[in-house]
Amino acid sequence: MSSNTVLETVGLSVRYGETRVIDDVSLRIPENRVVAFIGPSGCGKSTLLRCFNRLNDFVPAARITGQVLFRGRDLYGAEVDPADVRRSIGMVFQKPNPFPKSIFENIAFGLRINGFQDDIGDRVEASLRAASLWDEVSHRLDADALGLSAGQQQRLCIARALAVEPEVLLMDEPASALDPIATGRIEDLIGDLRGDYTIVVVTHNMQQAARISDDTAFLYMGELLEYKETQRLFTNPEDERTEAYITGRLG
Amino acid sequence: MNPGAAPPRGGRFEPRVAARRRAGVRFKWLCRFAVAFAVASLLVLLVHILATGLPTLSPDFLVTFPSRFPDRAGIRSAILGSLWLLTLVAAMSFPLGVGAAVYLEEYAPRNRLTNLLQTNIANLAGVPSIVYGLLGLAVFVRFLSLERSLLAGAATLSLLVLPLVIIAAREAIRAVPDSLREAAYALGATRWQAIRHHVLPAALPGILSGTILALSRAGGETAPLLIIGALTFIAFDPVSVMDPFTVLPIQIFNWTADPREEFHALAAGAIVVLLGVLLLMNAAAILIRNRYER
């Protein structure tokens, strides 16, 4: 992990009211790697992910202490506009959430609101190709996005995120609502994007983490217990709780 | 199952299935009776109104002014007054109501003050309409010197239906799933962009049908307009918002209060027209809802 750090947390804690969901987490996410967050339900992995694009801002009870740095800049600094941050740090959600509009409009929206100056049609095509969805939808860009299958919807959401040229892609269990074939396509797609984007994937599927990620972080009850190269974490876990989790005895 | 724990056995049951079923049947009939009662009384009312009112309905009745002679009296000014009034009420209550709802749902911090506001708006929806009439008389007619104008009437009725519009709009906005907002935010949308492009369009059918229902409420109101001094006899077309006016419910009230039998028939005719208008508005609300509902 010697390359440039894109995202970094320093002593990050998140509290919802009285409950501490993230407890003093410090980690670095290097450029153009795929990092998986694993851990049992409620361990805080989604909350941690949402700190990276400030989506927790909309949870009134959430209190964040510590720092989140994006290329060395404090994401929660007074001069930072969260809307601006979110264009550079895109997100794909657990349940596919296309807008109830046409396939074309789903991608055009992000371009328009961010003042995209070039040809929107070209960019829509390029984004759909990058998300390996173009061949399936090129003849019906005007069709309602909600008419797509769940897997296609999720790839549309990825295309939508890619269109505005993010550096980072946050993915919150992107395949957990999908069948195995659609899951496979999402995993293939992550493989295609690897190297061009810094990707952080939350997953509760350890085989998936092992298949798609370069590095894996194991979170347990809000704490970061172990974070290293995926292969080493799965073959040689140091913490006994990590071992218990990856062997299925904890969770 | 826990090893060693014996499964429960040997308890005594009295299922009395037949008695339970009979109780169910009794309850079903009770509910049927309740529905039948409501429908029957409505039908009696409708049949009575239609029987007395329909014979008086004619194109002339709709386009002539009221008169002291029953055979020459019409509801032209009442229809025009109602149309003017409802248009003005819509123009006032829709933007204010939706604006308030957007603020309460999307911008307001979740704290005690917001809760207090929300509770009080719900309470306002239950305040008797005559109280709004008194408020309108004091504020619009006297203090703002709007006199007995359409504007004063519309402002009063807007106050009356504003809580209804706010409540309907809030519910519609709250029904928009957060995943939609998050999708927009995650692409770099500002709060306003998310509201403008995704929340409001998704909530619009609910907002519109709620607004139309609120307007039909306004269209049927008499008491607050009588209080602020809407006239009962108008023999000219209103041409500006500062003109005095009458509306269908007031015309009906006026004719029903007349001792002459012929005027009662005219009142029934006007009721048929008012019912028709309100039914049309309700139908429009349902149509809008069904059209956009996924």
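These numbers were taken from a predicted model, which means no experiment stands behind them. (Residues numbered from 1 in each chain as written. Chains lettered and ligands numbered in written order. Predicted model: local features only at pLDDT ≥ 70, side-chain atom pairs only at ≥ 80, totals over all residues.)

1. Observations concerning unusual backbone geometry
Residue and element names in this part refer to chain A. Where we set the bar: A run of DSSP states H or I qualifies as a helix once it reaches four residues; a run of E qualifies as a strand once it reaches two. Both are numbered from the N-terminal end. The exposure label follows from counting other C-beta atoms within 10 Å of a residue's C-beta, where the C-beta atoms are placed from the backbone and the thresholds are 20 or more for buried and 12 or fewer for exposed, leaving partly exposed in between.
Its identity is not glycine, yet Arg71 carries a phi of approximately 50°, on the positive side. By secondary structure assignment, the location of Arg71 is in the loop between β4 (62-70) and β5 (73-74). Of note, the phi angle at Met221 is positive, near 50°, even though the residue is not glycine. You can see Met221 is positioned in the loop between β9 (215-220) and β10 (223-229). Met221 gets classed as partly exposed once you count the C-beta atoms within 10 Å, which come to 15.

2. Considering the interface of chain B and chain A
For clarity, the cut-off: With C-beta atoms placed from the backbone, a contact is any residue pair whose C-beta atoms sit within 7 Å. Ten residue types, Ala, Val, Leu, Ile, Met, Phe, Trp, Tyr, Cys and Pro, are classed as nonpolar, four, Asp, Glu, Lys and Arg, as charged, and the remainder, Gly among them, as polar.
Tallying the contact residues gives 16 residues for chain B and 20 residues for chain A. No other element matches helix α7 (residues 178-186) of chain B, which puts six residues into the side of chain B that touches chain A. Considering only residue class, the side of chain B that touches chain A consists of eight nonpolar, six polar and two charged.

3. A few points about the environment of B:Val277
Looking at where B:Val277 falls in the secondary structure, it is placed in helix α11 (residues 261-292). With 198 residues separating them in the primary sequence, B:Val277 and B:Ile79 have C-alpha atoms 9.9 Å apart.

4. So, the sheet that holds β5(A)
All names here are of chain A. Put simply, the rule is: Pairing between two strands is assigned when DSSP locates at least 2 bridges connecting them.
One open sheet holds the four strands; their spatial order is β2-β1-β4-β5, and the pairing between them is antiparallel. Single-partner strands in this sheet number two, and they are β2 (19-30) and β5. Bridge count between β4 and β5: two bridges; the pairing is antiparallel. Looking at β5, one finds that Leu69 is bridged to Asp74.

5. Re helix α6 (residues 150-163) of chain A
To keep things clear, this is the line we draw: An expected span of 1.5 Å times one less than the residue number is assigned to each helix.
Taking 1.5 Å as the rise per residue, α6(A) with 14 residues should run 20 Å; its terminal C-alpha atoms sit 20 Å apart, in good agreement. In the stretch just after α6(A), A:Glu165 is the one whose phi turns positive, near 55°.

6. A few points about the packing of α7(B) against helix α8 (residues 191-219) of chain B
Between two packed helices, the angle of one axis relative to the other and the distance separating the axes together describe the packing. Residue and element names in this part refer to chain B. Here is the rule we go by: Under this scheme, a helix contributes an axis fitted over its contacting stretch, all axes are lines through C-alpha atoms, and angles between N-to-C directions fall in the 0 to 180 degree range. In these notes the angle categories are as follows: under 35 degrees is roughly parallel, over 145 is roughly antiparallel, 65 to 115 is roughly perpendicular, and the rest is oblique. Crossing handedness follows the turn of the near helix against the far one: under a right angle anticlockwise gives a left-handed crossing, and clockwise gives a right-handed one.
Where α7 contacts α8, the two axes come as close as 9 Å, and the packing angle between them is 155°. If you check the angle between α7 and α8, you find them roughly antiparallel. The crossing of α7 and α8 is right-handed. In this structure, α7 uses Leu180, Arg181, Ala184 and Tyr185 to contact α8, whose residues at the interface are Gln193, Ala194, His197, His198, Val199 and Ala202. When grouped by side-chain class, the residues that make up the contact of α7 with α8 number six nonpolar, three polar and one charged.

7. Focus on the packing of helix α5 (residues 129-143) of chain B against helix α6 (residues 150-174) of chain B
Residues and elements named next belong to chain B. It is the contact of α5 with α6, at a shortest axis distance of 9 Å, that shows an interaxial angle of 135°. With respect to α6, the element α5 is oriented oblique. In the packing of α5 onto α6, the handedness of the crossing is right-handed. For the pair formed by α5 and α6, the contact residues are Ser129, Tyr132, Gly133, Leu135, Gly136, Phe140 and Val141 on the first element and Ala152, Ala155, Thr156, Leu159 and Leu160 on the second. Of the residues belonging to the contact of α5 with α6, the class tally is eight nonpolar, four polar and no charged.

8. Comments concerning the confidence of the model for chain B
Segments scoring low in pLDDT should not have their predicted coordinates read at a detailed level. To keep things clear, this is the line we draw: One confidence number per residue, pLDDT, is output by the predictor and ranges from 0 to 100.
Looking at chain B as a whole, its pLDDT mean stands at 89, while 98% of the residues score no less than 70. If you check the scores for this complex, the pTM reads 0.84 and the ipTM reads 0.92.

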